[in-house]
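Here is what each chain is made of, one letter per residue.
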Amino acid sequence: MSGVDELYPPAQYGWGWILLAIGVLALIAALAWLVVVLTRPRRAIPLAAAPAPVPGLTTDVATVLREEYLGTIAQIEADYRAGLTDARRANLDLSRAVRGFVNEYSGIEAPVLALDDLVRMGVHPALIDAIGRNYYPSIFRRSAPVDPLVGADAARTVVTTWY
């Protein structure tokens, strides 16, 4: 050890180093600000306005479906009256229309179910009556078909009274 017992103060940084550190921090802050400014959109993007409700579409789906199938039934009846289809074919078309309506309205797979299946499911009595009295006898029996005008009335009853 040396013979001097003096204490030396800690080394101090010079003013140049402190100014350099402050300059580097200022440069980093300026670069961060520049990145934020350059990556932001220049102008606000206008949001699309919500479309206005279309007038005339205030009816519900069930009403539209009923109107569509009542029109189909009227067309089948008109074709029969005009002699474009025979009674058997008219009853077959009415059966398809009624079963299609039930399928679209309630999701019951009426077009592929037999009458016994529909009875077991406990569907609306108007459908059972229309199929059992008008459509099955006309389509599957060899005897004279049931009058399609009566079948059209039964089809209208199913469409208008279905749940």
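Computed from a predicted structure; not experimentally measured.

### So, the overall build of the protein
From N to C terminus, the protein includes 6 helices and 0 strands. Scanning the protein from its N terminus toward the C terminus, one meets helices and strands in the order α-α-α-α-α-α. Within the span of the protein, comprising 163 residues, buried residues form 26% of the whole. Long-range pairs, those at least 24 residues apart, make up 66% of the contacts in the protein between residues at least 6 apart in sequence. Total accessible area computed for the protein in this model is approximately 12,000 Å², and 64% of it derives from carbon and sulfur atoms.

### Notes on the packing of helix α3 (residues 87-106) against helix α6 (residues 148-161)
At a minimum axis separation of 9 Å, α3 and α6 run at an interaxial angle of 5°. Judged by the inter-axis angle, α3 sits roughly parallel to α6. Between α3 and α6, the contacting residues are Ala87, Ala90, Asn91, Leu94, Val98, Phe101 and Val102 on the first element and Pro148, Gly151, Ala152, Ala155, Val158 and Val159 on the second. For the contact of α3 with α6, the class distribution of residues is 11 nonpolar, 2 polar and no charged.

### A short note on helix α5 (residues 125-140)
Here α5 spans 21 Å end to end across 16 residues, near enough to the 22 Å set by a 1.5 Å rise per residue. At Ile131, α5 shows its largest bend, some 35°. Buried within α5 we find Ala126, Leu127, Ala130, Ile131, Asn134, Tyr135, Pro137 and Ser138. In this structure, the buried side of α5 is in contact with α3, α4 (115-121) and α6.

### Observations regarding a nonpolar patch on the surface
A contiguous nonpolar surface patch, about 1,100 Å² in accessible area, is contributed by Tyr13, Trp15, Trp17, Ile18, Leu20, Ile22, Val24, Leu25 and Ile28. With respect to the element layout, Val24 can be found in helix α1 (residues 15-39). Classification of Val24 as partly exposed rests on a relative accessible area of 42%.

### So, the packing of aromatic side chains
Using the criterion set out here, one finds 4 aromatic pairs in the structure. Between the aromatic rings of Tyr69 and Phe101, the centroid separation amounts to 5.6 Å while the plane-to-plane angle is 70°, which identifies the pairing as edge-to-face. Linking Tyr69 in helix α2 (residues 61-81) with Phe101 in helix α3, this pair joins segments that are 32 residues apart in sequence. Accessibility expressed as a relative area gives 9% for Tyr69, which makes it buried. Taking the relative accessible area as the measure of exposure, Phe101 reaches 0% and is therefore buried. A connected cluster of aromatic rings, assembled from ring pairs, spans Tyr69, Phe101 and Tyr105.

### A few points about the environment of Pro111
Position of Pro111 relative to the elements: it lies in the loop between α3 and α4. Under the relative-accessibility criterion, Pro111 is labelled partly exposed at 44%. Separated by 16 residues in sequence, Pro111 and Ser95 place their C-alpha atoms 8.6 Å apart. In contact with Pro111, not counting residues within four places along its chain, are Arg99, Gly100 and Asn103.

What counts and what doesn't
- Residues numbered from 1 in each chain as written.
- Predicted model: local features only at pLDDT ≥ 70, side-chain atom pairs only at ≥ 80, totals over all residues.
- Heavy atoms only, no water.
- Helix = DSSP H or I, 4+ residues; strand = E, 2+ residues; numbered from the N terminus.
- Buried < 20%, exposed > 50% of the residue type's maximum accessible area, 1.4 Å probe, protein only.
- Contact = heavy atoms within 4.5 Å.
- Areas by Shrake-Rupley, 256 points an atom, 1.4 Å probe, with all protein chains shown as cover.
- Axes fitted to C-alpha atoms, helices over the stretch in contact; angles between N-to-C directions.
- Parallel < 35°, antiparallel > 145°, perpendicular 65-115°, else oblique.
- Nonpolar A, V, L, I, M, F, W, Y, C, P; charged D, E, K, R; others polar.
- Expected span 1.5 Å × (residues − 1).
- Bend = angle between axes of the 7 residues up to and from the residue.
- Patch = residues over 30% accessible without salt bridge, like charges linked within 9 Å, V, L, I, M, F, W, Y side chains within 5 Å.
- Salt bridge = Lys/Arg side-chain N within 4 Å of Asp/Glu carboxyl O.
- Phe/Tyr/Trp six-rings, centres within 6.5 Å; stacked < 30°, edge-to-face > 60°.

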